Amino acid sequence: MTRGRIRARIRRSSLYTFACYKPSPTEEDGPHDIQGPGYSRMVYCNQPHIHEQKPLKYCSNYISTTKYNVLTFFPKAIFEQFRRVANLYFLLAAGLSLTPVSPFDPVSMIAPLVFVVGLSMAKEALEDWRRFMQDMKVNLRKASVHKKNGVFGPKPWMKLRVGDIVKVEKDQFFPADLLLLSSSYEDGICYVETMNLDGETNLKVKQAMETTLPLDDDPTFKEFSATISCEDPNPSLYTFVGNFEYDRQVYPLEPTQILLRDSRLRNTAYVYGVVIFTGHDSKVMQNSTKSPSKRSTIEKKMDKIIYFLFSILLFISLISSIGFILKTKYDLPKWWYLRVPDRANLFNPGKPLTSGFYHLVTALILYGYLIPISLYVSIEVVKVLQALFINKDIHMYDEETGTPADARTSNLNEELGQVDTILSDKTGTLTCNQMDFLKCSIAGTAYGMHASDVELAAAKQMAMDSDGQNGTPTSWEKSGKAFQESEIQLETVVTSKDEDAPKPPIKGFSFEDMRIMNGHWLEEPHADVILLFFRILSLCHTAIPEPNEETGTITYEAESPDEGAFLVAAREFGFEFCRRTQSSVFVHERYPSFQEPIEREYKILNLLNFTSKRKRMSVIVRDESGQILLLCKGADSIIFDRLSRNGRMYEEATTKHLNEYGEAGLRTLALAYKKLDEAEYSAWNEEFTRVKTSFGGDREAMLEKVSDTMERDLILVGATAVEDKLQKGVPQCIDKLAQAGLKIWVLTGDKMETAINIGYACSLLRQGMKQICITTMNTDTLVQDSKQALKENVLMQITNATQMIKLEKDPNAAFAVIIDGKTLTYALEDDMKHQFLNLAVDCASVICCRVSPKQKALVTRLVKEGTGKITLAIGDGANDVGMIQEADIGVGISGCEGMQAVMASDFAIAQFRFLERLLVVHGHWCYKRIAQMICYFFYKNIAFALTIFYFEAFAGFSGQSLYVDWYMLLFNVVLTSLPVISLGVFEQDVDSEVCLQFPALYQQGPKNLFFDWYRIFGWMANGLYASLIIFFLNIIIFYDQAFRIGGQTADMTAVGTAMFTGVICAVNCQIALTMSHFTWIQHFLVWGSVISWYLFLLMYGELQYSIPVNAYRILLEVLGPSPIYWSTTLLVTVACNLPYLAHISFQRMFNPLDHHVIQEIKYYRKDIEDRHMWRKERSKAREKTKIGFTARVDAKIRHLKGKLARKYSSMGHCVPQQR
């Protein structure tokens, strides 16, 4: 096997020059002193059997993200069920039903409770089983492990033990935290992708110790033995302290030798490593938290409502008991025929208080229908069906990966409609890590004909504003606006992409301008400057070329996507970077002839790397003629400050182009160079080498100072503009979510510059937005007092920024706060976190970069607890698990590498863009459905239960039930449950398309318009009114008049059945009035429930069970022939629903909600007949926002209109006048 092929001879030092002269710890330093607490771990390499006994028995490599296991399921699930107040009440009532004081049969109380709790527990078990199966997919992955005698074989990840030797091959994940022993490269380096851990896409270089490099083949491990003493398991991803004892020598270990679980081997054929941390001891699992038990806000509020109803229940039970005590004491002795006292002392005039206490228990059970036991099971059924609809939504199905949406838990469906803040990971969630080279400015001339998305959208919007009827500029000339049309097209470069021209199928290159393509640049006026521009693109980088032997093409492994885009652009312009050695870079240049490429060698003398502080990168090269050049690229503000007096020839024109590129949403860099003579370079290099080989806390600062002296007196060449390729639909999704009134925070492990650039690409940041960057200097070497000073400095920055926002008078001003991980450490401390939160809430955008997984979780907790509003976290990697679990709702991206985020999430979607539909459509629907369903449930139970209380007063508080037991059993289970389930599953105030067109409708959820106390008490009052109408109308009508042909008056069963009929008809008509959207299913269930009541009466009257309760043929012979029964039912139904009908009619006429207006427009087909009005309504139906694509387009339009206005004022006599 050829190890490493092209890159086998390229050593790490040639690419990472700031560290290249720093002596290896193994050469200069002694072993770490790691004695004491926190450093007790001992690992015996290649001897895993030693770790099977205490004290060296460490945890297995098995991981679990489930809530339950076999032992804990029953107690934990029972606890979850009886956290619900209603279930606790019914458990007590079920127990009391076994006593003589119960007015009902015990089965009628115990059976519903067992059914409800059992169904809920079964649902929990099913959802947790799915989590378990996904865990097992990871646990059963195979790893190549040393067995014995130099033989490696497959073993499941879950069977790995500390001390095992593991062989990991290219593109495989590391199964545990490993110490790198050797790799396929001669110098023991390997390339690792840590996207799942820290969100960064650039490859990290890891390097094995020199002493283990000979262990590069399977047989070499036959006799291998070593000992590792190191730190105990901890969540720090970027630190590691330990010693490696091998061949009687002790070597210190560094973080660069550690391969973390869930990171991935790239561009390296294979590596060998020894397992140090397994399973939940690994650093990625140390950063995760236990699966929390989440309850929705509505469910928590429901508990408060049940407390309130329980208070009412207790109150009316006390009234009933007091009435019973008075009756027992004063009236019962007169009623000698009742033979009191009875044996059980339930009716004892001699002990009225004792009898009153027994009656209190009876009343608590009798009026228990105030608290709906079937509410919970109905909600469970509805949520499962809602989750099924989410899973089956074809609009959230990703065809590329074949992945549908997955509601992993249905407990939080309604929370989706109440989200206030979204906290999102960046890499893999928002971005697909691809840049497109779109435009450039060289020698003051702009090149590139393609318009960016922002430019196209701004032109389209201005056209629609100018001609509202058809959205096209065809009528401008007629209205005297031809000048505006040409101006808009001029400002936006191109208002539409050329449909006839074939789109370039080149990944990373969307540039089109024949002036400099195909060698035509040689004919341009400043060909020498263009040549330098192309050479800077092809030489100023740290990328590594990787030839594809099958296709003959070259791909580039670059530290950042934009660097890769520059190299692709250079190749397309005729300057192909093809090879790198220890000291040189080789480029195929199509110069001086474009048809005949020539390979040229450039000696790499020094490389001054990009850092977030420097904001630039430089390379010093010697060309074939011996000329030494410094080539530099970086942020325009940094480069312009370093230009020489003679190097500013193109500064004005380039600045103008950079501003235009920024307004167009493009990422920009400025390019510059300078020529060096031999003596100048030698003197500088001597100083640079001396500083690099020195030790001390100020080494990095000294390096920066020396580098800065070289990067002066530069000559400007031009600038680049690349378009950040986000995942499909991300800008539109963010724009829609912003219009829906949601706040979006980005939490990423990437460096600040990358995070800011992504912010621009997503339109979370834009040109003209005031950025508040809160940072600190390097704190690693600071003493405690200095750290206190830094903390005060951070607080001062936060205070000043807050004050600046308060004093801002421009209504269109937008602020963004950007903070890094080190600073966030101080900002999240107890005495400062609320000031930081207040600042962040006042800003339009918040971007936290270089944050650890733990910090992501802490920021999420701060937002959740500090604002008291619903938070949603979305991510795709293991580094996002903490915040996904901490947030009220966790969403995992399932189409990416690794499944840790999905396994920890509540909902899984394949791409970020599906979040728009998940929230704006399903979230909106689920919130309103659940809210209306719960309110209706309380309404119908109050309407029903209070009739029992009223009858008690008529029956001398005797505890006698008005209704037959079977009626009461069927009320919640059959006769009224299915319509309410149909409401919770199928109800739509508006359809999905309208939800997306009118995103402001979403704010009904965060504002809680449908489940606030006003609405809850309104429904309760409606239930109270209905109970009064139902009871007293029936009593008045049936009390003392004949209702049958034979002249008989109604007995208790007849009155009770007539009254129950009124309840069934009234509440089912009420739910029909509540619904906005009908399908045949709703009609069938609502009217079918009414019909089923009559069918039940028909069948029950024929059974023997009806004889003891006087209900034999109750419908056929007693009530059916009586006109009073049918007219009373009709009268009760109409009277009960008149107030609701009057209320909703008044509201729609004088104070309509947003969805009422849309329903009217749709009903009268105005959305089709009057498109202008429909578009106008749509433009109003969005929350005012300062982020998102629309906000950026609005800013662009304000900018263009300002320029037009200024041009008109200077050319007033030329402007066509309207007549």
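Here, every reference points to the structure presented above.
Thresholds, definitions, all that
- Residues numbered from 1 in each chain as written.
- Predicted model: local features only at pLDDT ≥ 70, side-chain atom pairs only at ≥ 80, totals over all residues.
- Heavy atoms only, no water.
- Helix = DSSP H or I, 4+ residues; strand = E, 2+ residues; numbered from the N terminus.
- Buried < 20%, exposed > 50% of the residue type's maximum accessible area, 1.4 Å probe, protein only.
- Contact = heavy atoms within 4.5 Å.
- Areas by Shrake-Rupley, 256 points an atom, 1.4 Å probe, with all protein chains shown as cover.
- Pairing = 2+ DSSP bridges.
- Axes fitted to C-alpha atoms, helices over the stretch in contact; angles between N-to-C directions.
- Salt bridge = Lys/Arg side-chain N within 4 Å of Asp/Glu carboxyl O.

1. Quick word on the overall build of the chain
Part 1 of the argument: What the chain contains, in helices and strands, is 38 helices and 33 strands.
Part 2 of the argument: Classification of the 1219 residues of the chain by burial places 56% in the buried group.
Part 3 of the argument: Considering only contacts within the chain whose residues lie at least 6 apart along the sequence, 74% involve residues at least 24 apart.
Part 4 of the argument: Carbon and sulfur atoms provide 56% of the accessible area of the chain, an area that totals close to 52400 Å².

2. Considering the sheet that holds strand β3 (residues 151-156)
Part 1 of the argument: Ordered by their spatial adjacency, six strands build an open sheet running β3-β2-β4-β13-β5-β11, and the pairing between neighbours is antiparallel. What marks the edges here is a single partner per strand, and that holds for β3 and β11 (258-259).
Part 2 of the argument: Across two bridges, strand β5 (residues 177-183) lies against β11 in antiparallel orientation. Considered in β11, the bridge of Leu178 is made with Leu259.

3. A look at the sheet that holds strand β10 (residues 249-253)
Part 1 of the argument: Read from one edge of the open sheet, four strands run β1-β8-β9-β10, paired in antiparallel fashion. Because the sheet does not close on itself, it has two edges, and the strands there are β1 (41-45) and β10. For this sheet the average axis-to-axis angle between neighbouring strands, irrespective of direction, equals 20 degrees.

4. Quick notes on the pattern of salt bridges
Part 1 of the argument: Scanning the entire structure with this criterion turns up 47 salt bridges.
Part 2 of the argument: Across the pair Glu52 and Arg161 runs a salt bridge, and its minimum N-O distance is 2.2 Å. Here Arg161 lies in the loop between β3 and β4 (165-169) and Glu52 lies in the loop between β1 and α2 (73-82), a separation of 109 residues in the sequence.
Part 3 of the argument: Note on Arg161: relative accessible area 29%, which makes it partly exposed.
Part 4 of the argument: Lys155 is the salt-bridge partner of Asp164, the closest N and O atoms lying 3.9 Å from each other.

5. Let's talk about unusual backbone geometry
Part 1 of the argument: Tyr591 connects to Pro592 through a cis peptide bond whose omega is 10 degrees.
Part 2 of the argument: Backbone geometry places Asn149, a non-glycine residue, at a positive phi of 55 degrees.
Part 3 of the argument: As for its position among the elements, Asn149 is in the loop between β2 (142-148) and β3.
Part 4 of the argument: Positive phi is not limited to glycine here, since Asp171 has a value of about 70 degrees.
Part 5 of the argument: If you trace the backbone, Asp171 turns up in the loop between β4 and β5.
Part 6 of the argument: The exposure class assigned to Asp171 is partly exposed, which follows from its relative accessible area of 33%.

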